[in-house]
Amino acid sequence: MASFQTPKSAKYNLNNSINSPSILKKFGKQTLNNAPGRRVCFDLFNNLKLLLVNYDSNNKDDLIEYNNLICDIRDLATEINDNELIKLLRDARNCVNILNENLTLFVKVILILKWMNRSDDVVKEYRLFLLNVCTAYSYHTQFAMEQLVTCFSHVDSAVCDRVNGMPSQEEERGFLNVHATLEALLKAIPLAKDLLIPILKKKFPYKTNSSYSHLHYIHNLLYIIEYEPSLRKNILSLIINKLVEIDVHIPKDELDRLETNINFDIEDIFSMDVDDGGCIRVGPNKTEEENFSNTLDICLKRIFIYMKTVCHNSNGSLLWDSTKLFYHDLLSIFESEILPTYNSSHIQYVIYYLLSFKTTLAENFSNWLLKKCCDVSSPSTLRQAAAGYLASFLCRAPFITYNVLKNTLFEISTWCNEYINSVDKSVKVVDEELLRWHAVFYSMCQALFYIISFRHQDLMDNKKNLRFMENLNLSNIVTCRLSPLRLCCSKVVDRFAHITKMYQLTYCYVVMDGHIRVTDQSIKDEWLYSYFPFDPYVLPRSKNMIIPDLYRDIDSIRSCKEEERYINKIPSSLSENMDISPSMVLSPSPAKTDWLGQFAYGNNAQILF
């Protein structure tokens, strides 16, 4: 049976775990390994116990003999066979009653032994030793748990049959052995649960570590929830927090690269090489940005699968009670970890995917975001972020019902009109200072403009809906002294002006041409949250969990020429009694640019009209 191989080096893991130079070098002439090539056998239990019982740290000879024992266990631990290791573990377990603080070094060197993929008898003996020593002396518990958790990020470089980065069958067997030991320890020492989350955070792979080590670690953290469900929220929060760190470090250039390579095979997108043994390994030219995107990709896919499993039974039916509990946990994590994060690219799709399970969840989330936008006790930045999330969610999620869309749009417009009525008369000069004092208002207007521009085909397809749009009082918003057409994102404003002109809802160009708009993007970036988080999903390995079934893409939006032809077919009765001059329809439109394409894909987007 395969076993973990540890390189013989003075920089072995023990160097980081045990703050004592004595185990790094043997001392004196009475070492057990003085003769070259001599192999140590952990032979007599009586000799081991006698050495530990008689050990006096103040006696130089005892100290040398004790340190040499530690070094021998450390250096030969990977070479001894299973029977010898069982003998060592059994002898150490029989000495538990004397393993106090003076013998902490001996306890630690036993606990760092590589055991999880050894025989079942080795696993059993290690587990018994760990449980016995921790229950006898609680101060060994933290180190023992750290060694268990360290195993969760293990990646065997010799494995060739890994699928989508997931652990191989042999790696999974080792992980299950660790989980069984950790579960037994948590049951034996209930207070150990308080140590677990800090340890999981401490041992989480650094963001530049390999994608597979991240995936294995997250895979094992999600497994912990099965036997410690009370820790689910804390564990999910930790995972999301760490993935947020990775997400924000993926530059736009890398996302553009993934988008342009979207039709390539997955293995072509992520640079991979094949070694002499036929095993796939990461190519030497792989950039840090590529490693980040690959890590986020495979980890998000694992989380999506976990969410699907938690919320559905084996037949695919939704488990509503479980889903509600999961939603409340995830919403709290979203508020604390994701919402305050500006310019993340994909981590927000964790909650998006959950909301797709039932329209009730999507409606609740929309209402929650709307309340957050209107909550005067919340920081301005969070309220603006909530407005961006609300607009993007309503536009991109096909599982949002039409009633939710209309009700939310009405609430936003009502809030904007009430805000205008309360402060508009006090506005004297229209300049960038307004962004500072009324940033939330402009974010809400921007959200309103964005939703109408994106969903106009659904909002204005019949007479009843057109009358609903008239009741939003858009003219009051666009002509107010706060001048949102001047201060909101120009791409959103241009598109909104074009759409409302075509449907004869309001006319923006007179207002827009009446003064020069604030175009200093640095000012807008500082005070206006122009971020719509549910932009197209481009991570190739996990994309099929979102696209196309759960996402409204740009391809479904008509060009302006198609829109004009569509509007010309609308019976004139739909627009009768609208208080708009016919000359407005004949007025020239602004420069024809692909607003949505530029928003989603940058300046290289194809011109649609």
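This text goes with the structure placed above it.
Conventions and cut-offs
Residues numbered from 1 in each chain as written. Predicted model: local features only at pLDDT ≥ 70, side-chain atom pairs only at ≥ 80, totals over all residues. Heavy atoms only, no water. Helix = DSSP H or I, 4+ residues; strand = E, 2+ residues; numbered from the N terminus. Buried < 20%, exposed > 50% of the residue type's maximum accessible area, 1.4 Å probe, protein only. Contact = heavy atoms within 4.5 Å. Areas by Shrake-Rupley, 256 points an atom, 1.4 Å probe, with all protein chains shown as cover. Salt bridge = Lys/Arg side-chain N within 4 Å of Asp/Glu carboxyl O. Axes fitted to C-alpha atoms, helices over the stretch in contact; angles between N-to-C directions. Parallel < 35°, antiparallel > 145°, perpendicular 65-115°, else oblique. Left-handed = near helix turned anticlockwise from the far one by under 90°. Nonpolar A, V, L, I, M, F, W, Y, C, P; charged D, E, K, R; others polar.

1. A look at the overall build of the protein chain
Then, in step 1: Within the protein chain, the regular secondary structure consists of 30 helices and two strands.
Then, in step 2: Each of the 609 residues in the protein chain was classed as buried or not, and the buried ones make up 54%.
Then, in step 3: For the protein chain, contacts bridging at least 24 residues in sequence account for 79% of all contacts bridging at least 6.
Then, in step 4: Here the protein chain has roughly 27,900 Å² of accessible surface; of this, 49% comes from carbon and sulfur atoms.

2. Some words on the pattern of salt bridges
Close approach of charged atoms allows side chains of opposite charge to pair.
Then, in step 1: For the structure shown, the criterion picks out 17 salt bridges.
Then, in step 2: Of the charged contacts, one joins Asp329 and Arg232 as a salt bridge, the two residues approaching to 3.1 Å between their closest N and O atoms. Of this pair, Asp329 sits in helix H15 (residues 320-338) while Arg232 sits in helix H11 (residues 232-247), placing them 97 residues apart in sequence. You'll find Asp329 and Arg232 in the same group, each marked buried.
Then, in step 3: Two residues, Lys324 and Asp321, come together in a salt bridge whose shortest N-O distance is 3.9 Å. With Lys324 and Asp321 both in helix H15, this residue pair falls three residues apart, about one helical turn.
Then, in step 4: By relative accessible area, which is 32% here, Lys324 ends up partly exposed.
Then, in step 5: Residue Asp321 is classed as exposed on the basis of its relative accessible area of 56%.
Then, in step 6: Through salt bridges that share partners, Arg90, Arg93 and Glu125 make up one connected network.

3. As for unusual backbone geometry
Then, in step 1: Of note, the amide linkage connecting Ile547 to Pro548 takes the cis form, showing an omega dihedral of 0 degrees.
Then, in step 2: The phi dihedral of Asn164 is positive, around 55 degrees, even though this residue is not glycine.
Then, in step 3: In this structure, Ser483 takes a positive phi of about 55 degrees despite not being glycine.
Then, in step 4: As for its position among the elements, Ser483 is in the loop between helix H23 (474-478) and helix H24 (484-487).

4. What about the packing of helix H6 (residues 120-136) against helix H8 (residues 169-188)?
Then, in step 1: Where H6 meets H8, the axes come as close as 10 Å, and the angle between the chain directions of the two elements is 25 degrees. As far as their axial angle goes, H8 and H6 are roughly parallel. Remark: the crossing between H6 and H8 carries right-handed chirality. Between H6, through Asp120, Val123, Arg127, Leu130, Leu131, Cys134 and Thr135, and H8, the contact on the second element is made entirely by Arg173, Asn177, Ala180, Thr181, Ala184, Leu185 and Ala188.
Then, in step 2: Across the contact of H6 with H8, the residue classes break down as eight nonpolar, three polar and three charged.

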